[in-house]
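Summary of structural features
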Amino acid sequence: MRYPILIHPNDKLKRTAQPIDVITDETVALLDDLYETMVAMDGIGIAAPQVGKNLRLAIVEVDEGDKFELINPEIIEAKGESLDVEGCLSIPHVYGTVKRADEVTVRYFDREGQEMEVTAFDYLARAFQHEIDHLDGILFVEKMIEQIPEEELEKYMEEHLND
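Criteria and thresholds
Residues numbered from 1 in each chain as written. Predicted model: local features only at pLDDT ≥ 70, side-chain atom pairs only at ≥ 80, totals over all residues. Heavy atoms only, no water. Helix = DSSP H or I, 4+ residues; strand = E, 2+ residues; numbered from the N terminus. Rg over C-alpha atoms; globule rule 2.2 N^0.38 Å. Buried < 20%, exposed > 50% of the residue type's maximum accessible area, 1.4 Å probe, protein only. Contact = heavy atoms within 4.5 Å. Areas by Shrake-Rupley, 256 points an atom, 1.4 Å probe, with all protein chains shown as cover. Lys, Arg positive; Asp, Glu negative; His and termini not counted. Charge placed at Lys NZ, Arg CZ, Asp CG, Glu CD. Phe/Tyr/Trp six-rings, centres within 6.5 Å; stacked < 30°, edge-to-face > 60°. Lys NZ or Arg CZ within 6 Å of the ring centre and 35° of its normal. Pairing = 2+ DSSP bridges. Axes fitted to C-alpha atoms, helices over the stretch in contact; angles between N-to-C directions. UniProt positions renumbered as here; feature names shortened; annotations may be inferred.

Digging into the overall build of the chain
Helix and strand counts for the chain come out as three helices and eight strands. Taking 15 Å as the expected radius of gyration for a compact globule of 163 residues, we find that the chain reaches 15 Å, a close match to that expectation. The dimensions of the chain, computed from C-alpha atoms along their principal axes, are 45 × 30 × 30 Å. Buried positions account for 44% of the 163 residues belonging to the chain. The contacts in the chain between residues at least 6 apart in sequence include a share of 66% that link residues at least 24 apart. Summed over all atoms, the accessible surface of the chain reaches about 8800 Å², with 46% contributed by carbon and sulfur. In the chain, the 15 positive side-chain charges and the 37 negative ones have mean positions that sit 6 Å from each other.

As structure tokens, this is what we get:
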């Protein structure tokens, strides 16, 4: 089932999501529905608060077929720093530069309840940080350094980020 995406400003996007104590059939179904919603919206990540579910649950898939289902994710280590352009399904047509760690290690549970740990770099690390921010009620525009008009986005990225 595809969910409608909550659009900023919406108070539900600003809440800290609640931890999941027990992974139920409903949790697994929500993961499936979140993924379906993310793919339909052409996203690379989605967090449960973006569909009005106040749960610490997110999905990231930067490279097709390399999907991370994150239950109660937490960043346990962060290194380096880089500037890149971000956008968000909940803030359509808004893009801007955000400074984030280059490398993060994330601890989370998968749909089977197994504790997992992944170290991610570059764009994947950025996606993890963006989605975990959603779970903490933080939107990328709160960290945005420079807004890039949508019609200038491609040119900006060619000039500034492909060095």
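Here we look at the packing of aromatic side chains
For the coordinates displayed, the defined rule picks out one aromatic pair. With 5.2 Å between their ring centres and 80° between their planes, Phe68 and Phe128 make a pair best called edge-to-face. On the criterion of sequence distance, the pair formed by Phe68 in strand S3 (residues 68-79) and Phe128 in helix H2 (residues 122-135) is long-range, its members being 60 residues apart. Of the two residues, Phe68 and Phe128, neither departs from the other in class, the shared state being buried. The lysine or arginine in question, Lys67, covers the ring of Tyr35, its NZ or CZ lying 4.0 Å from the ring centre.

Here we look at the sheet that holds S3
Spatially, the five strands line up as an open sheet ordered S1-S2-S3-S6-S7, and their pairing is antiparallel. Here the strands that pair on one side only, and so sit at the sheet edges, are strand S1 (45-47) and strand S7 (115-121). Between one strand axis and the next, the sheet turns through 35° on average, direction left out of account. Taken strand by strand, helix H1 (residues 25-40) contacts S1, strand S2 (57-60) and S3, and its axis lies near 40° from that of S2.

A look at the UniProt feature "binding site: Fe cation" (unreviewed entry) in the chain
The UniProt record annotates "binding site: Fe cation" (unreviewed entry) at Cys88, His130 and His134. These annotated residues cover 47 residues of sequence, and their C-alpha atoms all fall within 10.2 Å of one another, placing them together at a single site. Counting through the fold element by element, Cys88 comes out in strand S4 (residues 82-88). Taking the relative accessible area as the measure of exposure, Cys88 reaches 12% and is therefore buried. With sequence-adjacent residues up to four places away left out, Cys88 is seen in contact with Gln50, Val94, His130, His134 and Phe140. Mapped onto the fold, His134 is located in helix H2. In this view, His134 contacts Leu13, Arg15, Ala47, Pro49, Gln50, Cys88 and Leu139; residues no more than four positions away in its chain are not counted.

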